[in-house]
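Letter by letter, the chains look like this.
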Amino acid sequence: MKNSNFSICSITAALSALCVILSFIACAPRNVTPLYLEAEFSKTRIAEPIYLLSFVDLRVDKAKNLNLDDNAMRRLSPSFEKKGYGPLKAMKDRKWVESVVEDDFTHPDSSFLAVLGPEKAHYLFCPVLHDFKSKLTFGSTANAEVSGYIVDKKRGKIVWKHKGLGQAGQGGLMGMAMKGLVEEEAVNTALLSLSVAIPQNGIPKTVVAKK
Amino acid sequence: MKQFLYLLCLLLAPTSFYAQSPVVSSKITFSVPRDSGVLLLPVFLQYEDIYTDAPLNPALHKGQETGDVFDSLTQRYLRQHGIRLLPANPADSLQGKLVGAVKNLLRPMVPSNIRPVLTAATKAAGCHYVLVCAVRVKVGPGGYWDPNSGAIASSSSYARLHAALIDPNSTDGKPRWIQDVEIRKLPRPQTALFAEAVQMLFQLLK
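In this report, we go over the structure that sits alongside the text.

1. Looking at the overall build of chain B
Here's step 1: Across its full length, chain B holds six helices and nine strands.
Here's step 2: Once the C-alpha set of chain B is aligned to its principal axes, its extents read approximately 70 × 35 × 30 Å.
Here's step 3: With 206 residues in all, chain B has 48% of them scored as buried.
Here's step 4: Here the contacts in chain B between residues at least 6 apart in sequence split such that 70% fall between residues at least 24 apart.
Here's step 5: Total accessible area on chain B is roughly 10,400 Å²; 58% of this is exposed by carbon and sulfur atoms.

Printed below as a string of structure tokens:
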């Protein structure tokens, strides 16, 4: 009897452990197909640094300062490095993105893309904030909607595009006290879902042939 | 403790109401000269999936009704404020071309190939300006409450109402006046919130 109890307990424990492991696997960030990836870009090995521009703010109400640029650098640069690119070079000067509108990415004009960002850059990463809202009731909630574009400046083309959405919130008094954290979590979730779609840095055929 | 929580809810109720009210993008006023007519194009409706920006069928979200209510509220509000409006007639050859090109007229710079049509249509209709409006809706996941963890989330859907007053004789191709209003939920055409948003959209056009 004692033995059978012991075996049931051990099976239950093993199943619980398996559930925990499976849930970790399910929640782990994985590669996601981006909304747009140019075939040529996916095959090219990028050796030059990618320049990270400041966030293009497309919110209707821009009153809340979110200080997104540091956050983007902290979250996106390691993702790029994991995918085989060099670390991102942050360009904090807002002069390049001040006059950028949504239309510049939805109806891209090659002459505009060719002069966007620093002159020496070949590839640019342009993060765009479409929407951010936070709400305080009996708890707090926040939503963030971001998109990212990789621009090949020399060809004046968008070579990669993806979107990320972050929803976060916590109910009760704790949630009210954690409003700042909830807002940050929404932005981080959106940036994370953007970063998982960054393509692996392509391996040129010549290198493969030498091996 | 219970009384304290009730009091807290009562105190916070206005903040949640404030979070729902529409927000405007610009505080710039534009006065339309009283002798100038404004050619009003039918509203451009766009429903998109928030994750992919893929177009969605407006019929699934009362799109047609939203457009009709928006047009009637716009006409009523602007006429009440003394603006001489002429709704565009799609059967007219020139105005029909403009109605078909609404999407392009909503861009920050009016494309140069449409400008001659714009000039000819306004001249034929005896108007000086063209008013272009859009209702762009992003449809995303709704709010939730998880009783186990206490996690909550608000709906991520929102709607942006956009209006641009175009002067066909403008040399730079930019609209004379632009306004955007955001509603932080799916637009429901028969609600007071939607009427308030339309009113806020045009309150600085005098």
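2. Quick look at the overall build of chain A
Here's step 1: What chain A contains, in helices and strands, is eight helices and seven strands.
Here's step 2: Once local pairs closer than 6 in sequence are excluded, the contacts in chain A between residues at least 24 apart make up 74%.
Here's step 3: Carbon and sulfur atoms make up 60% of the accessible area of chain A, which amounts to about 11,200 Å² in all.

3. Considerations on the side chain of A:E183
All names here are of chain A.
Here's step 1: Position of E183 among the secondary structure elements: in helix α7 (residues 179–195).
Here's step 2: Judged by its relative accessible area of 10%, E183 falls in the buried class.
Here's step 3: Here S134 takes part through its side chain, which lies 2.8 Å from a polar atom of the side chain of E183.

4. Re helix α6 (residues 192–202) of chain B
Here's step 1: Those residues of α6(B) that sit buried are B:F194, B:A197, B:V198, B:M200, B:L201 and B:F202.
Here's step 2: Check the buried side of α6(B) and you find it contacts β1 (23–24), α2 (63–80), β5 (129–139), β8 (158–166) and β9 (177–183) of chain B.

5. Some remarks on the packing of α2(B) against α6(B)
Residues and elements named next belong to chain B.
Here's step 1: Packing of α2 against α6 leaves a shortest axis separation of 10 Å and a crossing angle of 50°. The pairing of α2 with α6 is recorded here as oblique in orientation. In the packing of α2 onto α6, the handedness of the crossing is right-handed. The segment α2 lies against α6, with T66, V69, F70, L73, T74, Y77 and L78 engaging F194, A195, V198, Q199, L201 and F202.

6. Focus: the interface of chain A and chain B
Here's step 1: Listed as interface residues are 31 residues of chain A and, on the opposing side, 35 residues of chain B.
Here's step 2: Buried area between chain A and chain B, summed over both chains or domains, comes out near 2,800 Å², and the portion from carbon and sulfur atoms is 56%.
Here's step 3: It is A:V60, A:K133 and A:Q167 in chain A that bury the most area against chain B; as a group they hold 23% of the surface buried on that side.
Here's step 4: At the boundary of chain A and chain B, one finds four salt bridges.
Here's step 5: A:E145 is paired through a salt bridge with B:K138; the nearest N and O atoms lie 3.2 Å apart.

7. Here's the deal with the pattern of salt bridges
Here's step 1: One pass over the structure, following the stated rule, counts 18 salt bridges over all chains.
Here's step 2: Linking B:D167 and B:R176 is a salt bridge whose minimum nitrogen-to-oxygen distance equals 3.0 Å.

8. A look at the environment of B:T29
Residue and element names in this part refer to chain B.
Here's step 1: As for its placement among the helices and strands, T29 is situated in the loop between β1 and β2 (37–40).
Here's step 2: The class of T29 is partly exposed, set by a relative accessible area of 41%.
Here's step 3: The sequence separation of T29 and L204 amounts to 175 residues, and the corresponding C-alpha distance is 4.6 Å.
Here's step 4: If near-sequence neighbours (up to four positions away) are discounted, T29 is found in contact with W177, L204 and K206.

9. Here we look at unusual backbone geometry
Here's step 1: The phi angle at A:N67 is positive, at roughly 50°, despite the residue not being glycine.
Here's step 2: With a phi close to 55°, B:K62 is a non-glycine residue in the positive phi region.
Here's step 3: Mapped onto the elements, B:K62 comes out in the loop between β3 (44–49) and α2.

10. Considering the packing of helix α3 (residues 68–82) of chain A against α7(A)
Residues and elements named next belong to chain A.
Here's step 1: Put simply, α3 and α7 touch, their axes get as near as 10 Å, and they point 35° apart. In terms of crossing hand, the pair formed by α3 and α7 is right-handed. Residues L68, N71, A72, R75, L76 and S79 of α3 lie in contact with α7, whose contacting residues are E184, V187, N188, L191 and S195.

11. Remarks on the state of the cysteines
Note on terminology: a disulfide is the covalent bond linking the sulfur atoms of two cysteines.
Residues and elements named next belong to chain B.
Here's step 1: Following the criterion strictly, the structure yields zero disulfides over all chains and no others.
Here's step 2: Cysteine C133 is unpaired, with the sulfur of C127 as its nearest cysteine sulfur at 14 Å.
Here's step 3: You can call C133 buried: its relative accessible area is 1%.

12. Some points on the nonpolar core
Here's step 1: The biggest cluster of nonpolar side chains holds 34 residues, and the ones touching the most others in it are B:F70, B:L131, B:L161, B:L165, B:F202 and B:L205.
Here's step 2: For this core, the secondary structure elements donating two or more residues are β2, α2, β5, β8, β9 and α6 of chain B.
Here's step 3: The residues contacting B:L161, other than those within four sequence positions of it, are B:F70, B:A134, B:V135, B:Q179, B:D180, B:V181, B:I183, B:A197, B:V198 and B:L201.
Here's step 4: In this structure, A:I46, A:L76, A:W160 and A:V187 belong to the second largest nonpolar core, which totals 30 residues.

13. Description of the environment of B:Q95
Residue and element names in this part refer to chain B.
Here's step 1: Relative to the assigned elements, Q95 resides in helix α3 (residues 93–100).
Here's step 2: When the C-alpha atoms of Q95 and L118 are compared, they prove to be 8.5 Å apart, with 23 residues separating the residues in sequence.
Here's step 3: Within the local environment of Q95, its side chain forms a polar contact with the backbone nitrogen of N89, the two atoms lying 2.7 Å apart.

14. Here's the deal with the side chain of A:S77
Residues and elements named next belong to chain A.
Here's step 1: Relative to the helices and strands, S77 is located in helix α3.
Here's step 2: Owing to a relative accessible area of 6%, S77 belongs among the buried residues under this scheme.
Here's step 3: In contact with S77, not counting residues within four places along its chain, are A72, P87 and L88.

What counts, and at which threshold
- Residues numbered from 1 in each chain as written.
- Chains lettered and ligands numbered in written order.
- Predicted model: local features only at pLDDT ≥ 70, side-chain atom pairs only at ≥ 80, totals over all residues.
- Heavy atoms only, no water.
- Helix = DSSP H or I, 4+ residues; strand = E, 2+ residues; numbered from the N terminus.
- Buried < 20%, exposed > 50% of the residue type's maximum accessible area, 1.4 Å probe, protein only.
- Contact = heavy atoms within 4.5 Å.
- Areas by Shrake-Rupley, 256 points an atom, 1.4 Å probe, with all protein chains shown as cover.
- Polar contact = N/O pair within 3.5 Å; in protein donor to acceptor, adjacent residues only side chain to side chain.
- Axes fitted to C-alpha atoms, helices over the stretch in contact; angles between N-to-C directions.
- Parallel < 35°, antiparallel > 145°, perpendicular 65-115°, else oblique.
- Left-handed = near helix turned anticlockwise from the far one by under 90°.
- Buried area = accessible area lost by both parts, 1.4 Å probe.
- Salt bridge = Lys/Arg side-chain N within 4 Å of Asp/Glu carboxyl O.
- Disulfide = S-S within 2.5 Å.
- Core = buried A, V, L, I, M, F, W, Y, C linked by side-chain atoms within 4.5 Å.

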